[in-house]
Amino acid sequence: MAAAPPQSPRPITPRLPTDPTFDQELCALVLDTAPRLFAVVQVWGEGLPDVDGWVAAWGVADHSGRTHVISIDGEARLTLASPNRALRHFAGRPGITARLVWLAQPSAAAVEQAEAA
């Protein structure tokens, strides 16, 4: 009967790559595939002197256009084929229109390496 291999007193923690070129490639990959973030804004009285607006929901759209939207109060959660379809859900009441307001596309990313426990 063969003896069991000796057990290491410490578990081996794999090391993350530290090559700066690899980190740059990861950051570029993240920026290329990052979803776009937008707000669905409702506007009341458009064209009137006392026009008013508020954020009704937040959404993210991936590179294929698939969109996830959640209302500010958390009551509505939608998965849609495109961001423009969210407008249908937040407009339509008399005097209220809806718009998409896009946040700027991310332009920077950084790799943060966690410490091994």
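Quick caveat: nothing in here was measured; it's all calculated off a predicted structure.

*Asks:* Teacher, can you tell me more about the sheet that holds strand β4 (residues 77-80) here?
*Replies:* Adjacent strands of a sheet pair through backbone hydrogen bonds, lying either parallel or antiparallel. Read across the sheet, five strands follow the order β4-β3-β2-β1-β5 without closing on themselves; strand pairing throughout is antiparallel. The sheet is open, and its two borders are formed by β4 and β5 (96-102), each paired with just one other strand. Averaged over all neighbouring strand pairs, the angle between strand axes comes to 25°, with direction disregarded. Sheet analysis places strand β2 (residues 52-61) next to strand β3 (residues 67-71), joined by five bridges and oriented antiparallel. For A61, the partnering residue across the bridge sits in β3 and is T67.

*Asks:* Can you help me understand the pairing of strand β1 (residues 36-44) in this one?
*Replies:* Regular strands place their side chains on alternate faces of the sheet. Here β1 pairs with β2 via nine bridges, running antiparallel. In the sheet register, Q42 faces β2, and the bridge partner there is W54. Sheet topology note: the β1/β5 ladder contains seven bridges and is antiparallel. Following the sheet pairing, V40 is matched in β5 by L100.

Definitions and cut-offs
Residues numbered from 1 in each chain as written. Predicted model: local features only at pLDDT ≥ 70, side-chain atom pairs only at ≥ 80, totals over all residues. Heavy atoms only, no water. Pairing = 2+ DSSP bridges. Helix = DSSP H or I, 4+ residues; strand = E, 2+ residues; numbered from the N terminus. Axes fitted to C-alpha atoms, helices over the stretch in contact; angles between N-to-C directions.

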